[in-house]
Number of protein chains: 2
Amino acid sequence: MRSSIVDVASKAGVSIATVSRVLNGSDKVKAKTREKVLAVINEMKYAPNPAARGLIMKKTEAIGLLLPDLHGEFFSEIIRGADEAVQQQGYHLIVSSSHNDPNEIEAALRFMRGRVDAIVLMSPQVNSEILLENLPKGLPIVLLNCRTDNTHYDTIVIDGYGGAKEMTNYLLDLGHRRIAVITGGENNLESEERLRGYRAAMTDRNFTPARTLEFTGNFTEISGYEAVKQILALKHHPTAIFAFNDSMAIGAIKALREEGLRIPSDISVCGFDDIPVGKYISPSLTSVHVPISDLGAMAINRVFDRLTKRTRDTTAHVFVPTKLCLRSSCKKITLMSNLEKEENVA
Amino acid sequence: MRSSIVDVASKAGVSIATVSRVLNGSDKVKAKTREKVLAVINEMKYAPNPAARGLIMKKTEAIGLLLPDLHGEFFSEIIRGADEAVQQQGYHLIVSSSHNDPNEIEAALRFMRGRVDAIVLMSPQVNSEILLENLPKGLPIVLLNCRTDNTHYDTIVIDGYGGAKEMTNYLLDLGHRRIAVITGGENNLESEERLRGYRAAMTDRNFTPARTLEFTGNFTEISGYEAVKQILALKHHPTAIFAFNDSMAIGAIKALREEGLRIPSDISVCGFDDIPVGKYISPSLTSVHVPISDLGAMAINRVFDRLTKRTRDTTAHVFVPTKLCLRSSCKKITLMSNLEKEENVA
DNA sequence: GTCGCAAATGTAAACCTTTACATTGCTGTG
DNA sequence: CACAGCAATGTAAAGGTTTACATTTGCGAC
């Protein structure tokens, strides 16, 4: 049996109210009384029961973080950024992964309801109706990269469109014309935005983005690896592969190497997200930089804004810019292969 | 105001006991009553208050996972393995990082007390007295790679000694004699064990492990990077660097490249842990394989063992074997440099 | 010495569930 | 028809806090 506040009270010869007061920033308790109570608390190693406290206070000091997946450094960085921000406020993190499954999302959300003071939800793949339906009411919620038609919740969205467009333009500037992309799958907001950016860049420069050069992945290394196997089955290889995240780019590089292709001399590869390890792989990975851990921290801090200044009812919609991060996995291609390319596209 | 069980009861025209019974696997409730209650519950989107439930049931359906850090793929894999295992049981994870700071550990532990049904704690750096003192009593606890003199808790420990010894022997077999190590810092169990293994392998083969070849890191990439800067300041460079985890090995490789050294032709590098990305960096990283995500899952499953079969009072102490994972970052060195080396050591 | 007032402390209700025990209502048997 | 017995449901206590309100204490002023 854990000791309760009554045990402390009786042992200290005071009432439970006094103990409670000592515990909570203490209203006005005589210094001597406080000392005595504190001594007993330490002696008994008493700690208030969070369930009882939560029951009456309606406050848990925990924030829920629901991510689509836990594979790879992207999510690990999100968690790290969020944990740091949360710890700064003496709060804690309840982490869950949904595998993009509406049922799991619902289960996690139900679990969190009443256990957390707010929720940060990242779910690029589930459509907004399902989401909105399951979102607990009366709880601050920050949507991270969610498909969000309505403006009822705070949102943080990465500029996938702009980032992908910029990257595509960079590749075009290097002379690439046959640029294959590896997407993150259907109905995935992040993937769709990046695809939109890629296509827009192509179209803006009067190239027709070929559907045959768009390959479907799912943001995992293995899917990048497998996409390359398909890409290499093409009669005319692309000169560049733009994977819609770094994990797939890393998988792609492995597959390309296995086929004896050198990067970037034989083929250029680039990714998206700029996960920390991208600097260390060889060749170092050209990518679209996203401030990943900041994203986690931003979401948490937004949550705290809500939690403290409750007056502020206006939802905030943050659009996070990206920036090209040029390293050594992409190369300017020769005029000859360039021409060969134009020919293919035409 | 969230609706409570009373609202449901009155709306359904039954007592709260009946609602509760319907909610919890239902004892014996007439089918018709159950239906009606269920209908109301759905209509009102009622969900029981976890705090109230936790208060009376003393059960939270959450497991605490306290890690020393959240940087890098090692911990991300631990979390992933743990989350998968936990989700299989309908439980959830409360994750926290301690930064190896006793105060933060204490705070996290205090926070978890009453909020979780069990705790998985990884803390290779904090000594056992402090730990033992702060560990909540009456809660199943699994210690992961903790310095653990006593046998009162379940423990899971990686065979750092054996793994490091094996790796060192491998390097010796390749002809290396001047082998520098980058450790994980003082008082870190993992680091100490690996250092012990390294030294033992050297001594067993009648080489004296030189203290001047032991460099102190802290398991982060940057510390591996910085250690190499020191290593290269040595008059006689080592022919191999054994970093005590992969992150430091990755940092070391970056530093070596910056100094114009080729790996493995100029110098061999190896790590420990075999994090997933090791396969993808170049050269692919020779490492000591640790089943990282399994470790997380094992810990959680051990916790559930405890939670279900309470009878079983014997603590389990699992020793996780490692296995050498040879890739391409280490190379056999020539007889000449080999001889040159022996000379240096002598 | 008494009174008043403020400071310090105590009492009890409220938070929302689960569940042991009490009660109701019904079925079937003698 | 009465009643035993059981199934279904209801009542109320318990769990550990916080806090509004009530009470006590102590002190200064008259």
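The structure we're discussing is the one just above.
Presented here is an overview of the structure given in this document. (Residues numbered from 1 in each chain as written. Chains lettered and ligands numbered in written order. Predicted model: local features only at pLDDT ≥ 70, side-chain atom pairs only at ≥ 80, totals over all residues. Heavy atoms only, no water.)

## Some words on the relation of the copies chain A and chain B
Then step 1. Its rotation angle being 180°, the transformation that places chain A on chain B also includes 0.1 Å of axial translation and leaves an RMSD of 0.2 Å. A rotation of that kind, with that shift, is consistent with a two-fold axis.
Then step 2. In this assembly the copies share their binding face: 100% of the residues contributing to the interface of chain A also contribute to that of chain B. (Least-squares fit on C-alpha atoms with pLDDT ≥ 70 in both. Contact = heavy atoms within 4.5 Å.)

## Description of the packing of helix α5 (residues 72-88) of chain A against helix α12 (residues 292-308) of chain A
Residues and elements named next belong to chain A.
Then step 1. Packing of α5 against α12 leaves a shortest axis separation of 7 Å and a crossing angle of 40°. As summarised for this structure, α5 and α12 are arranged oblique, according to the angle between their axes. Relative to α12, the crossing made by α5 is right-handed. Touching Phe74, Glu77, Ile78, Arg80, Gly81, Ala82, Ala85 and Val86 of α5 are Ile292, Ser293, Leu295, Gly296, Ala297, Ile300, Asn301 and Phe304, all from α12. (Axes fitted to C-alpha atoms, helices over the stretch in contact; angles between N-to-C directions. Helix = DSSP H or I, 4+ residues; strand = E, 2+ residues; numbered from the N terminus. Parallel < 35°, antiparallel > 145°, perpendicular 65-115°, else oblique. Left-handed = near helix turned anticlockwise from the far one by under 90°.)

## Notes on the packing of aromatic side chains
Then step 1. In total, this model carries six aromatic pairs over all chains according to the counting rule given.
Then step 2. Ring geometry for Phe242(B) versus Phe244(B): centroids 5.1 Å apart, planes at 75°, classification edge-to-face. With respect to class, Phe242(B) is no different from Phe244(B); both count as buried.
Then step 3. It is Arg115(A) that lies over the ring of Phe111(A); its NZ or CZ is 3.7 Å from the centre. (Phe/Tyr/Trp six-rings, centres within 6.5 Å; stacked < 30°, edge-to-face > 60°. Buried < 20%, exposed > 50% of the residue type's maximum accessible area, 1.4 Å probe, protein only. Lys NZ or Arg CZ within 6 Å of the ring centre and 35° of its normal.)

## So, the sheet that holds strand β9 (residues 268-270) of chain A
Residues and elements named next belong to chain A.
Then step 1. Here we have four strands laid out as an open sheet, ordered β7-β6-β8-β9, and parallel in their pairing. Among the strands making up the open sheet, the edge pair consists of β7 (214-216) and β9. When the angles between neighbouring strand axes are averaged without regard to direction, this sheet yields 20°.
Then step 2. Note that strand β6 (residues 179-183) and β7 share three bridges and pair parallel. Looking at β7, one finds that Ile182 is bridged to Phe215.
Then step 3. On the sheet, helix α9 (residues 189-204) packs against β6 and β7 and is oriented at approximately 165° with respect to β6.
Then step 4. Against the sheet, helix α11 (residues 246-258) touches β6, β8 (240-243) and β9, its axis set at about 155° to β9. (Pairing = 2+ DSSP bridges.)

The values are spatial; any link to function lies outside them.
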